[in-house]
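Understanding the architecture of this molecule
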Amino acid sequence: MEIPQIPKDKFKFLNNAGNKEQEKIGTPALTYMQDVRRRLFKNKVAVVCLTLLTIIVFISVFAPIIAPYNPNAQHATLSNLPPKLGNLNIPGFNGYQNMGGKMVDAYAQVHAPKGTHYLLGTDYLGRDLLSRIIYGTRLSLIVAVLATLVDLLIGIPYGIVSGWKGGMTDNVMQRIVEIVSSVPNLIVVILMMIILKPGLISIVLAIAITDWVTMARLIRAQTFQLKEQEYVLAARTLGESSTKIATKHLIPNLSSTIIIQTMFTIPNAIFFEAFLSFIGIGIPAPNASLGTLLSDGQKAFRFLPYQMWAPAIILSIIMIATNLLGDGLRDAFDPQSSD
Amino acid sequence: MDKILEVKDLHVNFATYNGTVQAIRGVNFDLSAGETLAIVGESGSGKSITVRSILQLLAKNADINKGTILYHGEDLLKKSKKEMDNIRGNKISMIFQDPMTSLDPTMTIGKQVAEPLLIHNKVSKKEALGRAEEVLRLVGIPNPKERMNDYPHQFSGGQRQRIVIAIAIVDYPEILIADEPTTALDVTVQAQIIDLLKELQQKIGTAIIFITHDLGVVAGIADRVAVMYAGKFVEYGSVDEVFYNPQHPYTWGLLDSMPTLDTSEDDHLNSIPGTPPNLLDPPKGDAFAPRNEYAMQIDLEEQPPFFKISKTHYAATWLLHPDAPKVTPPKGIQKRFEKFKKLGDSK
Amino acid sequence: MAKYILKRILYLFLTLFIIASITFFLMKMLPGTPFSNQNRLSPDQLAIVKAQYGLDQPIFIQYIRYIGGLFQGNLGTSFQFNNEPVTQLIGQRLAPSMQIGAQAMVLGTILGILLGAVAAIRKNSWVDTLATFVSILGISIPSFVLAVLLQFYLAYKWHIYPVALWDNFQSSVLPTIALAALPLGNVARFMRTEMVDVLSSDYIELAKSKGNSEWQVVIKHALRNSLIPIVTIIGPMAVSTMTGSMVVENIFSIPGIGEQFVKSITTNDYPTIMGLTIFYSFLLILVFLVVDILYVLIDPRIRLGNGGND
Ligand SMILES: Nc1ncnc2c1ncn2[C@@H]1O[C@H](COP(=O)(O)OP(=O)(O)OP(=O)(O)O)[C@@H](O)[C@H]1O
Ligand SMILES: [Mg+2]
């Protein structure tokens, strides 16, 4: 073998003996949450969903400002008008309607005042569909958020107590969970809806009363693990109060579970609201929710399909976006689960 | 001896989120019929990737971007999928690291052991099962006939590893790759498994590539040893040469961190300080330099070539350059040198 | 094993009893009479009708009677529907519900398994993306929205299937598709996760190292191992199919128990609601029981291990 010629001075020792502790080379250490955020924002699908949901939430929050009309104001003469986008002549959005095989300007027929245009048309009572959808989305989101909150308020403490106490308490609490979860969700929800007065609060309660079980189960399982972690044990030995341990050590470590589960509770709640309203025991008239709009739309669907399309699309978008965002969050919190 | 396997200038990269991991950076070795080659090195040094490249059992993000793997003179890297399937489990087979998870939990072990025969030899199912039973007895599973219909979870860890070995040898492979076959087991079982492998090697004449990071195991089983660091071999030679005449400071470190019968109470075991380099961006010079007590300026600038120590013994360190200053190795290593002298004298 | 099943059956009846009791008292707590719809009845007539249904008795007696009746398989008498016994109502309407429910679950499961498996095998390829997209749609779009869309396009506009009719297999196609979407999405997602997990497991590596081709590995080892856990989602799948069937039957005017249930809700037909509630619960708890037993039977780890006898 040929031995390379190397200048003599290159054989000087570097005196590595002293620095036994080597600096770790690698990507700068990010905190866990920063890392989660970075991974989430790297996920294009999740970002798109987050943006869509943000827009929808924004519109819902500012519904009174954004909605062009009062959603419940009826105009008997202006009923079932097709969508019209200003004076633009876009097929499907020009106020024309197929009547007996001919396209007719529906707005002219009912002698709508000049300049009247409904972006998404009107329903059978002459109410502006766009405004109803904006308000309906708002109501559906309120139901979902409230139901999720109640769900968290019951599920988290229940799970923590059950997991933390263990033993007999846990046993009893778990039996209760088993019974509650062995009755089909929908049956409980429907029974609750029959007993309670129809309305927002009833729906929220009906949904939350079955949904908390899943959350409680997950939290319990995690608490069981966390309980044995060193820092929690240390806090216990140091005599920190249970509440303090729960808020300082448990909740932060449970946050990923909570956030991810929440992303699955929300679409579930939205679905149940729509379902109940669709079969007629949900949000009472005249208020709109995505469910009631769908139900109304379905009745007129054959002749006026646009009345069904709009709420169906919005509902589907919300469901898809929350589900996908949930997936994205899970991957972000737990990188092993993806790739 | 004829070389049945020759790996030349093997390079393996992994595409990851953070960039390209250069896991294997030019590995060369060969294997002769019936011999045992041990590959040792720290966790992450690339031992598994090296041997998995031979069977092309690498993750999807892996890319063997350079090199040849000659098996009886034919490049395995150029073989089609189907040709590779014919080699795996037939000519070359592999024992995996973790016996607890290496067996299909929903298939009886009889079927699992017989499977390679059915895939390759086109023997009847009955014959295959008969042979499976025989091999299970050979690896020391008691009552193999009855236990053929049991599932993996009904066996202990040591027994499962024996079953995994049975699967690997049932087709009498020419090369057996054992990737840390004993790490997950307790010491007594480890010893039994090693003895079993040696016994089997004598019976069926298989060449073995044995991977471990436990040098203690190596002396008992290997003919030759290769020391691996950061995706490269840094030293290789016969067992005696590497154990008693080591030349690379990394080998010194490894040997120094290994308890031996000769280690007296007051000789404390040294572990090598620091961590291996980031293979996303490997250093320009010798990868071991930052952890090397004897590092020189040249180590930072240029990778050392292999210097020949004997016909069978090579090491890649600039310390072997004729112009390099002489160094005194750690005390434990000096003792080894003495022993090596005695070995030489006695021969 | 026998002991375990016996225990589970006992537990089933206990749960049913609790559900029945709770439903009964909830129904009794309701304000107004069940006849509020027929407000033309005079107080006298009302009293007669009440006596006829035994509603003039003290609550406790009514409760004993009701539970007693349950043990004889008597779920009470409907207020509407010509005073038919609820059991008879269910009997007449069970077949269509079972048919579309079973069809949907089988179709959804099979397609879901295929979709999930292919997605896992071709992970991160366009097939995977497509499969993920389809399953997300299946999970996200409520069955009633899908049902209405299918009805409008495939039945009303293009006349491929009947709009709302129940006679032959043809008429069960659209409701089946509407109901199959959710199980399809769920199974596909579940299957993909399981299969990705299995495919990256050590025993698959070992199977490859034996010389199995990619497809042999999938068929001989990966499929069975990923399929076993699928059993665990059959229970929840039955629940969601039941939920969906209520509206889907309604939309397609299928004379099933789901349609019946919704009708009884909107007409305050309490005995029918109670009867169906108990019936549904029975059905679902039974499904969960069967699934658990099935799981024990097909998973060798549980079958021969220590599980199953506690
Ligand atoms: N799929 C992969 N993607 C990216 N990097 C990988 C992948 N597989 C292995 N590596 C990297 O390749 C290097 C070598 O890994 P390898 O498994 O060969 O180590 P090893 O020497 O067998 O270690 P051990 O003793 O722990 O088994 C490691 O740095 C590892 O991080
Ligand atoms: Mg390894």
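Predicted model, so just to flag it, every value in this text is computed and none were measured. (Residues numbered from 1 in each chain as written. Chains lettered and ligands numbered in written order. Predicted model: local features only at pLDDT ≥ 70, side-chain atom pairs only at ≥ 80, totals over all residues. Heavy atoms only, no water.)

1. Considering the overall build of chain C
To keep things clear, this is the line we draw: Strands are runs of DSSP state E lasting at least 2 residues, helices are runs of H or I lasting at least 4, and numbering of each runs from the N terminus. With a 1.4 Å probe rolled over the protein chains alone, any residue whose accessible area is under 20% of its type maximum counts as buried; one over 50% counts as exposed, and the rest are partly exposed. Two residues form a contact once any of their heavy atoms are found within 4.5 Å.
A tally of helices and strands in chain C yields 13 helices and zero strands. Scanning chain C from its N terminus toward the C terminus, one meets helices and strands in the order α-α-α-α-α-α-α-α-α-α-α-α-α. For chain C, with 310 residues in total, the buried portion stands at 49%. For chain C, the proportion of contacts with a sequence separation of at least 24, taken over those separated by at least 6, is 72%.

2. Side note on the pattern of salt bridges
Residue and element names in this part refer to chain B. Selection rule: Each reported salt bridge corresponds to a side-chain nitrogen of Lys or Arg within 4 Å of a carboxyl oxygen of Asp or Glu.
Scanning the entire structure with this criterion turns up 26 salt bridges over all chains. In this structure, Lys79 and Glu74 form a salt bridge, with 2.4 Å as the shortest nitrogen-oxygen distance. A salt bridge links Lys203 to Glu199, with the nearest nitrogen and oxygen atoms 3.8 Å apart. Note that Lys203 and Glu199 are positioned in helix α7 (residues 187-204) at a spacing of four residues, about one turn of the helix. Residue Lys203 is classed as exposed on the basis of its relative accessible area, which comes to 51%. Judged by relative accessible area, Glu199 falls into the partly exposed class, the value being 40%. Overlapping salt bridges bring together Lys3, Asp30, Glu35 and Arg224 as one network.

3. Here's the deal with the site of ligand 1
Residue and element names in this part refer to chain B. We apply this condition: Near is defined per residue: the residue qualifies when any heavy atom it owns lies within 4 Å of the molecule or strand. All accessible areas in this document rest on Shrake-Rupley with a 1.4 Å probe, and a residue is counted as covered only by the protein chains that are shown.
Close to ligand 1 lie 16 residues; Ser43, Gly44, Lys47, Ser48 and Glu180 are nearest. Its free accessible area being 640 Å², ligand 1 has 70% of it covered by the protein chains. Elements represented by at least two residues in the shell around ligand 1 include exactly β1 (3-16) and α1 (47-55). The greatest single-element share of the shell around ligand 1, amounting to three residues, is contributed by α1.

4. Here's the deal with the nonpolar core
The condition is simple: Here the nonpolar core consists of buried residues drawn from Ala, Val, Leu, Ile, Met, Phe, Trp, Tyr and Cys, with membership extended through side-chain atoms lying within 4.5 Å. Boundaries between domains were set according to an automatic or database domain assignment.
Ranked by size, the top nonpolar core spans 127 residues in total, and within it Ile190 and Phe275 of chain A together with Phe144, Val145 and Met246 of chain C carry the most contacts. Built from parts of two domains, this core gets at least three residues from each of domain 1 (17-71) and domain 2 (90-259) of chain C. If we skip the residues at most four places from it in the chain, Ile190 of chain A touches Leu276, Ile279 and Ile281 of chain A together with Met246, Phe261 and Ile265 of chain C. The next biggest cluster of nonpolar side chains, apart from the first, holds 103 residues, and it includes Val40, Leu57, Tyr71 and Ile221 of chain B.

5. Concerning the packing of aromatic side chains
Spelled out, the test is: Think of it this way: a Phe, Tyr or Trp ring, Trp meaning its six-membered ring, pairs with another when their centres are within 6.5 Å, and the plane angle makes it stacked under 30 degrees, edge-to-face over 60, tilted otherwise. Criterion for a charge above a ring: Arg CZ or Lys NZ at most 6 Å from the ring centre, at most 35 degrees from the ring normal.
Counted according to the given criterion, the structure contains 20 aromatic pairs over all chains. Between Phe261 of chain C and Tyr280 of chain C, the aromatic rings sit 5.6 Å apart at their centres with planes inclined by 80°, giving edge-to-face as the arrangement. Highlighted residues: Phe261 of chain C in helix α11 (residues 257-266) and Tyr280 of chain C in helix α12 (residues 270-298), separated in sequence by 19 residues. You'll find Phe261 of chain C and Tyr280 of chain C in the same group, each marked buried. These aromatic residues form a ring-pair network of at least three members: Phe271, Phe272, Phe275 and Phe278 of chain A together with Phe144 of chain C. Over the ring of Tyr172 of chain B we find Arg131 of chain B, and its NZ or CZ is 4.7 Å from the ring centre. Arg147 of chain B extends its terminal NZ or CZ atom over the ring of Phe155 of chain B, reaching a point 4.0 Å from the ring centre.

6. Notes on the sheet that holds strand β4 (residues 62-71) of chain B
Residue and element names in this part refer to chain B. Threshold: In short, DSSP must find at least two bridges between two strands for them to pair. To get an axis, a line is fitted to the C-alpha atoms, and for a helix only the part in contact is used. The angle between two axes follows their N-to-C directions and goes from 0 to 180 degrees.
Spatially, the four strands line up as an open sheet ordered β2-β1-β4-β5, and their pairing is antiparallel. Each edge of the sheet is formed by a strand with only one pairing partner; in this case those strands are β2 (19-32) and β5 (74-75). In this structure, β4 lies alongside β5, joined through two bridges in antiparallel fashion. The residue of β5 that forms the bridge with Tyr71 is Glu74. Across the face of the sheet, α1 comes into contact with β1, β2 and β4 while running at roughly 110° to β1.

7. Side note on the interface of chain C and chain B
What counts here: The quantity reported as buried area is the accessible area (1.4 Å probe) lost by two parts once they are put together, taken as the sum for both. The term polar contact refers here to a pair of N or O atoms within 3.5 Å; inside protein, the definition further demands a hydrogen-donor-capable atom paired with an acceptor-capable atom, and it admits residues adjacent in sequence only when both atoms are side-chain atoms. Gly is placed with the polar residues, together with every amino acid not listed as nonpolar (Ala, Val, Leu, Ile, Met, Phe, Trp, Tyr, Cys and Pro) or charged (Asp, Glu, Lys and Arg).
Facing 22 residues of chain C, the contacting portion of chain B comprises 28 residues. Here chain C meets chain B over a buried area of about 2200 Å², counting both sides, of which 54% is carbon and sulfur. The largest share of the area that chain C buries against chain B comes from Leu206, Ser209 and Lys210 of chain C, three residues that together contribute 28% of it. Between Lys220 of chain C and Glu115 of chain B there is a salt bridge, with the nearest N and O atoms lying 3.1 Å from each other. The interface formed by chain C and chain B contains 14 residue pairs in polar contact (both at pLDDT 80 or more). Counting only elements with at least two residues in the side of chain C that touches chain B, the list comes to α8 (202-209), α9 (214-230) and α13 (300-303) of chain C. Across the side of chain C that touches chain B, the residue classes tally to six nonpolar, seven polar and nine charged.

8. Thoughts on the sheet that holds strand β7 (residues 175-179) of chain B
Residues and elements named next belong to chain B. Here we have eight strands laid out as an open sheet, ordered β6-β7-β8-β3-β9-β10-β12-β11, and mixed in their pairing. The outermost strands of the open sheet, each flanked by one partner alone, are β6 (92-95) and β11 (307-308). As judged from the two bridges shared by β11 and strand β12 (residues 314-315), these two strands associate in the antiparallel manner. Bridging across to β12, Phe307 finds its partner in Ala315. Against the sheet, helix α6 (residues 157-169) engages β6 and β7, with an angle of about 175° to β6. With respect to the sheet, α7 is in contact with β3 (36-40), β6, β7 and β8 (207-212), its orientation differing from that of β8 by roughly 165°.

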